[in-house]
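Per-entry structural report
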Amino acid sequence: MAAIQNIEMKNTRTKVLYGAIVAFLVVGGIVQILPMFLMITGAFKTDTQLSQIPPVFWPTGWDFGAIFEVLDAYHMGRNFLNTFYICAGVILIQVPTSAMAAFSLSKLKPKGGKIVFLYFIATMMFSAQAQIFPLYIMLASLNVLNFKTTYVLVCSIGITNIVLFKGFFDNIPKSLEEAAKVDGASSMKIFTSIVLPLSKPVFMVVILNVFMATYNDFFTSLMLLPDEVNWTVMIRLYSAQSMGGISLHALYSLLTVATVPILLVYVFAQKYLIEGISLTGIKG
Amino acid sequence: MKIVARESLSGRRGISATVKDQISAYLFLILPIIFVALFKYIPICVGIFISFFKIDIVNLPGDFVGFDNYIRAFKDPLVYQTMWHNIKFFLYGMVFGFWPPIVVALLINETRSLRSAFRIAYFLPAIAPGIAMTIMWKYMWQPDFGLANYVVSLFGVPPQLWLNDPRLVYFCMSFPGLIMTGGMNMLIYLASLQEVPNEHYEAALIEGASVLRRVWHISLPAIKNIIGLMFLLSVIGIFNNLEGPMVTTGGGPAGSTETILLYAYKKATNSMDYSYAITLSNVVFFIVLIGTAIQQMLKKED
């Protein structure tokens with residue numbers, strides 16, 4: 001709740017203070033949104049408009065055709081297919097395995113379960129960036145670089161998600177599973193008919209987390225998928241601008257189109273997205 | 001007699017049932033255990049192993065060289081220089097990026113009907129793909145047609161070289177961080193601020209505490225732990241910095257923003273010096289590991 005109480009809002013000094021806060025936030029919010037605004041409107045401006053000083057803030061027309069031409073020229077269709085293939089693969093492997101592992105640790109509690117959990121969470125101390133180098137050599141010597149399946153398998157483990165699932169399952173009352181056990185239900189049956197139906201919110205949060213992380217991933221895919229046919233959207237963005245010679249309109253079109261899926265996720269699943277960030281952001 | 005028989009029967013069933021339970025419990029765990037071993041633990045061993053060799057990609061693992069790679073890193077002035085760049089990024093991040101999300105969260109928490117609009121505005125750039133926003137900012141700083149020179153010209157400041165100017169480049173690269181990750185951190189602070197019960201503020205108002213005192217004594221303590229945690233996380237992450245410099249400047253101008261991992265990456269890709277790249281990444285790995293271990297211990301003490 002807010003420090004400024006509603007009853008205080010009547011007196012002038014508080015009103016001025018409140019106005020100042022709002023004004024400050026409006027200015028800051030404009031600065032915050034400006035790069036995104038320029039990026040999206042930039043996709044609808046011509047190259048001359050984009051290199052003009054003072055800048056043109058509002059595009060004169062909304063030419064979607066020019067954007068599609070850019071996407072074609074840079075094979076973005078293929079890049080999107082790769083990205084979505086990878087996202088689907090990682091979600092399909094990671095989410096069920098994490099949920100089942102968490103279920104086992106939380107409800108079945110096998111002997112040595114605590115050690116297994118420690119074995120999992122110890123990897124949260126690892127620097128993902130530094131680990132890529134030996135992983136790269138390992139995969140190169142096995143000749144499995146440049147396969148999307150390799151990437152999917154490498155990314156198919158998410159300890160944060162096991163922790164999230166476990167935290168959620170721990171809060172499901174014991175009496176439910178005990179009742180099922182008395183009726184002779186197997187572990188799998190308890191998982192699918194009792195735990196799963198109750199866990200829709202945590203599944204939504206985890207699926208979104210995995211999607212966002214995989215979609216936005218850059219360095220891992222750059223190392224593991226160096227061949228152009230396997231490039232994801234993010235590698236395309238990086239290579240398109242680092243090779244030079246790209247027109248501003250083309251660049252802004254690529255950036256904008258790459259951002260659209262994330263904006264759609266935001267529009268349709270805002271609640272779970274925000275929940276996921278406040279849950280995992282703190283745990284790091 | 002009947003009772004005894006039944007008991008022993010159920011006892012036997014009990015034992016085999018527990019064994020079965022154990023097995024089925026581990027069946028649920030087996031895939032993650034294997035994946036974690038394959039892609040988390042084994043690469044560390046591979047990395048340590050390789051760092052003792054002069055690697056030959058055709059004829060693995062190549063010649064055993066003992067600690068030579070580590071001695072080379074220890075003597076390499078570029079290692080110290082690039083590590084200092086990492087620390088510089090951290091310091092700039094503290095000055096320009098660490099505290100504004102806290103202030104913004106405290107301010108947004110005071111707003112009423114506009115709260116969700118502000119939340120969206122400040123949060124949106126944080127979920128946009130990091131690479132896309134980083135590239136966008138690179139072009140905002142572009143000296144010829146970028147927005148930055150136009151904005152400063154409104155205040156009568158002559159055009160700057162921004163990313164090409166060694167004196168400004170750290171500022172230019174830290175400022176987008178404020179907007180991109182700042183939105184995320186703001187959201188995390190705001191989430192815990194909204195959990196503070198109104199009675200606390202009400203009571204403080206009755207006691208006659210001013211708005212500023214209420215923020216200082218009630219709002220701020222509510223997020224004190226998260227602020228501490230955020231600080232620790234950014235300290236731990238100092239040497240992980242790689243993608244930002246790689247995309248924005250490629251380490252330039254004149255290597256002034258090259259971080260340790262970017263240096264390792266260049267060693268691997270430009271000069272195929274994999275053993276040395278992996279030795280450097282091992283050094284980073286162990287620094288991060290020790291840092292996180294200390295953080296975990298501190299957390300337990302709380």
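1. Description of the overall build of chain A
- In terms of regular secondary structure, chain A is built from 14 helices and zero strands.
- In chain A, the succession of helices and strands from N to C terminus is α-α-α-α-α-α-α-α-α-α-α-α-α-α.
- Relative to the 2.2 N^0.38 estimate, which gives 19 Å for 284 residues, the radius of gyration of chain A is 24 Å and therefore markedly larger than a compact globule would have.
- Taken over the C-alpha atoms alone, chain A extends approximately 75 × 70 × 35 Å along its principal axes.

2. Some points on the interface of chain B and chain A
- The interface of chain B with chain A comprises 101 residues on the first partner and 100 residues on the second.
- A per-residue breakdown of the area chain B buries against chain A is headed by F28, F39 and R112 of chain B, which together make up 9% of the total.
- If you look at where chain B meets chain A, you find one salt bridge.
- A salt bridge links R214 of chain B to E8 of chain A; its shortest N-O distance comes to 2.7 Å.
- Connecting chain B to chain A are 24 residue pairs in polar contact (both at pLDDT 80 or more).
- The element that contributes the greatest number of residues to the side of chain B that touches chain A is helix 1 (residues 2–50) of chain B, accounting for 22 residues.

3. What about the packing of aromatic side chains?
- Under the defined criterion, the tally for this structure stands at 41 aromatic pairs over all chains.
- Measuring from ring centre to ring centre gives 5.6 Å for F126 of chain A and Y41 of chain B, while their planes differ by 85 degrees; the resulting arrangement is edge-to-face. A residue pair is termed interchain when its members come from two chains, as with F126 of chain A in the loop between helix 5 (113–121) and helix 6 (128–141) and Y41 of chain B in helix 1.
- The exposure class of F126 of chain A is buried, given its relative accessible area of 13%.
- With relative accessibility at 22%, the residue Y41 of chain B sits in the partly exposed group.

4. Side note on helix 5 of chain A
Residues and elements named next belong to chain A.
- The set of residues buried in helix 5 consists of G113, V116, F117 and F120. Viewed end-on, helix 5 has its buried residues packed into an arc of 100 degrees, placing them on one side of the element. Set apart from the buried face of helix 5 by more than 90 degrees, the exposed residues are K114, I115 and L118.

5. Here we look at a positive patch on the surface
Residue and element names in this part refer to chain A.
- A surface patch of positive charge is lined by K109, K114, K174 and K181.
- Within the element layout of this structure, K109 appears in the loop between helix 4 (76–108) and helix 5.
- Overall, the relative accessible area of 52% leaves K109 in the exposed class.

6. Looking at the nonpolar core
- F219 and L237 of chain A are the most contacted members of the largest nonpolar core, which has 187 residues in total.
- For this core, the element with the most residues is helix 14 (residues 248–283) of chain A, which contributes 16 residues.

7. Quick notes on the pattern of salt bridges
Residues and elements named next belong to chain A.
- Applying the stated criterion to the full structure yields seven salt bridges over all chains.
- Among the ionic pairs, E228 bridges to R236, the shortest N-O distance being 3.1 Å.
- Taking relative accessible area as the criterion, E228 reaches 42% and is therefore assigned partly exposed.

8. Looking at the environment of A179 of chain A
- As for its position among the elements, A179 of chain A is in helix 9 (residues 174–182).
- As for A179 of chain A and V152 of chain A, which are separated by 27 residues in sequence, their C-alpha atoms are 38 Å apart.

9. Considering the state of the cysteines
- For the structure on display, the rule yields zero disulfides over all chains.
- In this structure C155 of chain A is not part of a disulfide, and its nearest cysteine sulfur, from C87 of chain A, lies 10.0 Å away.
- Unpaired in this structure, C45 of chain B has its nearest cysteine sulfur neighbour in C155 of chain A, at a distance of 20 Å.

10. Details of the side chain of N86 of chain B
- Its place among the elements puts N86 of chain B in helix 3 (residues 77–98).
- Ignoring anything within four residues of it in the chain, the contact list for N86 of chain B reads I238, F239, N241, T259 and I260 of chain B.

11. Looking at the packing of helix 10 (residues 211–236) of chain B against helix 13 (residues 274–301) of chain B
Residues and elements named next belong to chain B.
- Where helix 10 meets helix 13, the axes come as close as 9 Å, and the angle between the chain directions of the two elements is 160 degrees. Classed by the angle they form, the pair helix 10 and helix 13 counts as roughly antiparallel. The handedness of the crossing between helix 10 and helix 13 comes out as right-handed. Across the interface between the two elements, L229, L232, L233 and I236 of helix 10 pack against V288, G291, T292, Q295, L298 and K299 of helix 13.

12. Let's talk about the confidence of the model for chain B
Residues and elements named next belong to chain B.
- Model confidence for chain B is summarised by a mean pLDDT of 86, while 93% of its residues fall at 70 or above.
- Here helix 1 is the element of chain B with the lowest mean pLDDT, 76, and helix 3 is the one with the highest, 93.
- Note on residues 1–13: pLDDT is under 50 here. Beyond four places in sequence and across chains, it has zero contacts.

About the cut-offs
Residues numbered from 1 in each chain as written. Chains lettered and ligands numbered in written order. Predicted model: local features only at pLDDT ≥ 70, side-chain atom pairs only at ≥ 80, totals over all residues. Heavy atoms only, no water. Helix = DSSP H or I, 4+ residues; strand = E, 2+ residues; numbered from the N terminus. Rg over C-alpha atoms; globule rule 2.2 N^0.38 Å. Contact = heavy atoms within 4.5 Å. Buried area = accessible area lost by both parts, 1.4 Å probe. Salt bridge = Lys/Arg side-chain N within 4 Å of Asp/Glu carboxyl O. Polar contact = N/O pair within 3.5 Å; in protein donor to acceptor, adjacent residues only side chain to side chain. Phe/Tyr/Trp six-rings, centres within 6.5 Å; stacked < 30°, edge-to-face > 60°. Buried < 20%, exposed > 50% of the residue type's maximum accessible area, 1.4 Å probe, protein only. Arc of directions from axis to C-beta. Patch = residues over 30% accessible without salt bridge, like charges linked within 9 Å, V, L, I, M, F, W, Y side chains within 5 Å. Areas by Shrake-Rupley, 256 points an atom, 1.4 Å probe, with all protein chains shown as cover. Lys, Arg positive; Asp, Glu negative; His and termini not counted. Charge placed at Lys NZ, Arg CZ, Asp CG, Glu CD. Core = buried A, V, L, I, M, F, W, Y, C linked by side-chain atoms within 4.5 Å. Disulfide = S-S within 2.5 Å. Axes fitted to C-alpha atoms, helices over the stretch in contact; angles between N-to-C directions. Parallel < 35°, antiparallel > 145°, perpendicular 65-115°, else oblique. Left-handed = near helix turned anticlockwise from the far one by under 90°. pLDDT = per-residue confidence, 0-100.

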